[in-house]
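# Commentary on secondary and tertiary structure
Spelled out from the first residue to the last, the chains are:
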Amino acid sequence: MASSGSHDGMNVLSLAFQRLLLLIVASLVIFAAMNLLPGDPASVMLGLDASPESLAALHHQLGLDTALPARYAYWLGDLIRGNLGRSYIYDVPVSSLIGERLQSTLPLILLAMLLSLGAGIPLGMTAAANRGKMSDMGLMAMLQLLKSIPDFWLAMMMTFLFSLTLHWLPASGFPGWGHGFFTGLRALILPAVALAVPQAAITARFMRSSLIESLSQDFIRTARAQGYSRSGVLWRVALPNALIPVLTLAGIQLPVLITGSIIVESVFSLPGCGKLLLEAVNQRDLPVVQNLVMLIVTAVMLLGFLLATLVRFLDPRLGEERP
């Protein structure tokens, strides 16, 4: 038992070290992409008619005249200390700017993930329980269609139907949580559903395959021999095992939801991090882009690490040494 626990601990440490290396590589890629691409932040801030002297002074003020390796070292050091610098365009701390925008982005992504899992898992179970029947084939055809719908097109169609035609939900904007929880939630329902529908379809198809595979294992026959009913076998024996791969899928879907939120926030005019990122890229606001992208990558890797650790805990076979 001690050897097994030690081995599991080494696996977790190895996984953490891999994530740390990936973060360092990601920081290099992000810094290089933003600092080597064409475009000058000083020119964007001062305009095309700015004098060379003004541009040189602003370059020095912003630290853009420093060698790239030194700028990378300064940026990484500040990032580790939690200093995200100031926005070139908004002239406010980047941390406060991102914190303000997270008030809509975090609930949006969380709601989309809950909707994806909350709809995808029952649909996948229904399809698996009726495998080979007309209801299964019809459901799979519908899921294939939903999986292929682009986020932005679905967002526009939902806005036309539920906002402009039925007037059930707001078409755009986010009033903030200060106007009440349900007022803020109503503004996020359409964007969250637009994000969640394609991912729910993928989750349902994955859940169906995982549950069918779980139902074919030897422990299912043992459970039936012990007197479990058909529903008992499905809910108490097969489902917990089938959910383990779905947790792994959820970790893969998280970056998809984050990148999809950039488009959806633009369609619904949500003042979130996705919209902020687009604005910062267009205006060459390097501190905002570099730090926001790095924070997104860090959050994705951290959550992926936590999910991978949870999956290893739930399925000890993943931690076993293989010959």
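Residues numbered from 1 in each chain as written. Predicted model: local features only at pLDDT ≥ 70, side-chain atom pairs only at ≥ 80, totals over all residues. Heavy atoms only, no water.

Let us look at the packing of aromatic side chains. Per the counting criterion, the structure on display carries 7 aromatic pairs. A ring pair is formed by Phe31 and Trp75, whose centres lie 6.0 Å apart and whose planes are at 25 degrees; its orientation type is stacked. Residue Phe31 is found in helix α1 (residues 2–36), and its partner Trp75 is found in helix α4 (residues 68–81); the two are separated by 44 residues along the sequence. On the basis of relative accessibility, which here comes to 9%, the residue Trp75 falls in the buried class. Each ring, one from Tyr72 and one from Trp75, has its centre 6.1 Å from the other, and the planes form 55 degrees; the classification is tilted. Separated by 3 residues within a single helix, Tyr72 and Trp75 lie in helix α4, roughly one turn from each other. Of the two residues, Tyr72 and Trp75, neither departs from the other in class, the shared state being buried. (Phe/Tyr/Trp six-rings, centres within 6.5 Å; stacked < 30°, edge-to-face > 60°. Helix = DSSP H or I, 4+ residues; strand = E, 2+ residues; numbered from the N terminus. Buried < 20%, exposed > 50% of the residue type's maximum accessible area, 1.4 Å probe, protein only.)

Applying the stated rule across the entire model yields 4 salt bridges. Where Asp78 meets Arg81, a salt bridge forms, and the shortest distance between an N and an O atom there is 2.4 Å. Of this pair, Asp78 and Arg81 both sit in helix α4, 3 residues apart, roughly one helical turn. According to the relative accessible area criterion, Arg81 is exposed, its value standing at 63%. (Salt bridge = Lys/Arg side-chain N within 4 Å of Asp/Glu carboxyl O.)

Below, the discussion takes up the environment of Ala238. Counting through the fold element by element, Ala238 comes out in helix α10 (residues 230–267). When its relative accessible area of 0% is taken as the criterion, Ala238 is described as buried. Each C-alpha atom, one on Ala238 and one on Ser216, is 9.2 Å from the other, the two residues being 22 residues apart in sequence. Contacts of Ala238, omitting those with residues within four sequence positions, involve Leu211, Ser214, Leu215, Ile220 and Val233. (Contact = heavy atoms within 4.5 Å.)

When two helices pack together, their arrangement is given by the angle between the helix axes and the distance between those axes. At a minimum axis distance of 9 Å, the contact between helix α7 (residues 151–165) and helix α8 (residues 181–215) shows a crossing angle of 135 degrees. The orientation of α7 with respect to α8, classified from their angle, is oblique. Seen along the crossing, α7 lies across α8 with a hand that is right-handed. On α8, the residues touching Asp151, Leu154, Ala155, Met158, Thr159, Phe162 and Ser163 of α7 are Leu190, Val193, Ala194, Leu195, Val197 and Pro198. (Axes fitted to C-alpha atoms, helices over the stretch in contact; angles between N-to-C directions. Parallel < 35°, antiparallel > 145°, perpendicular 65-115°, else oblique. Left-handed = near helix turned anticlockwise from the far one by under 90°.)

When pLDDT is averaged across the protein chain, the result is 82; 92% of the residues are at 70 or more. Mean pLDDT across the elements of the protein chain bottoms out in helix α2 (residues 41–46) (73) and peaks in helix α5 (residues 94–129) (91). (pLDDT = per-residue confidence, 0-100.)

Okay, a nonpolar patch on the surface next. Nonpolar side chains collect at one region of the surface, where Phe152, Trp153, Met156, Met157, Ile263 and Val267 lie side by side and expose about 520 Å² of accessible area between them. Elements that contribute at least two residues to the nonpolar patch include exactly α7 and α10. The element best represented in the nonpolar patch is α7, accounting for 4 residues. In this structure, Met157 sits in helix α7. (Patch = residues over 30% accessible without salt bridge, like charges linked within 9 Å, V, L, I, M, F, W, Y side chains within 5 Å. Areas by Shrake-Rupley, 256 points an atom, 1.4 Å probe, with all protein chains shown as cover.)

What follows deals with the nonpolar core. Formed by 26 residues in total, the largest nonpolar core has its most connected members in Leu108, Ala112, Leu195, Leu257, Phe268 and Leu270. Within the residue set of this core, elements represented by two or more residues are α5, α7, α8 and α10. For this core, the element with the most residues is α8, which contributes 8 residues. Apart from the residues lying within four places of it in its own chain, the contact partners of Phe268 are Ala155, Thr159, Ala171, Ser172, Gly173, Leu190, Pro191 and Ala194. (Core = buried A, V, L, I, M, F, W, Y, C linked by side-chain atoms within 4.5 Å.)

Okay, the side chain of Gln290 next. Looking at where Gln290 falls in the secondary structure, it is placed in helix α12 (residues 286–314). According to the relative accessible area criterion, Gln290 is buried, its value standing at 6%.

A word on the environment of Leu106. Following the sequence through the fold, Leu106 ends up in helix α5. Expressed as a C-alpha distance, the spacing of Leu106 and Leu76, which sit 30 residues apart in the sequence, is 25 Å.

Next up on the list: the side chain of Thr159. Within the secondary structure layout, Thr159 lies in helix α7. Once residues lying within four places of it in the same chain are set aside, the contact partners of Thr159 are Leu164, Ala171, Leu190 and Phe268.

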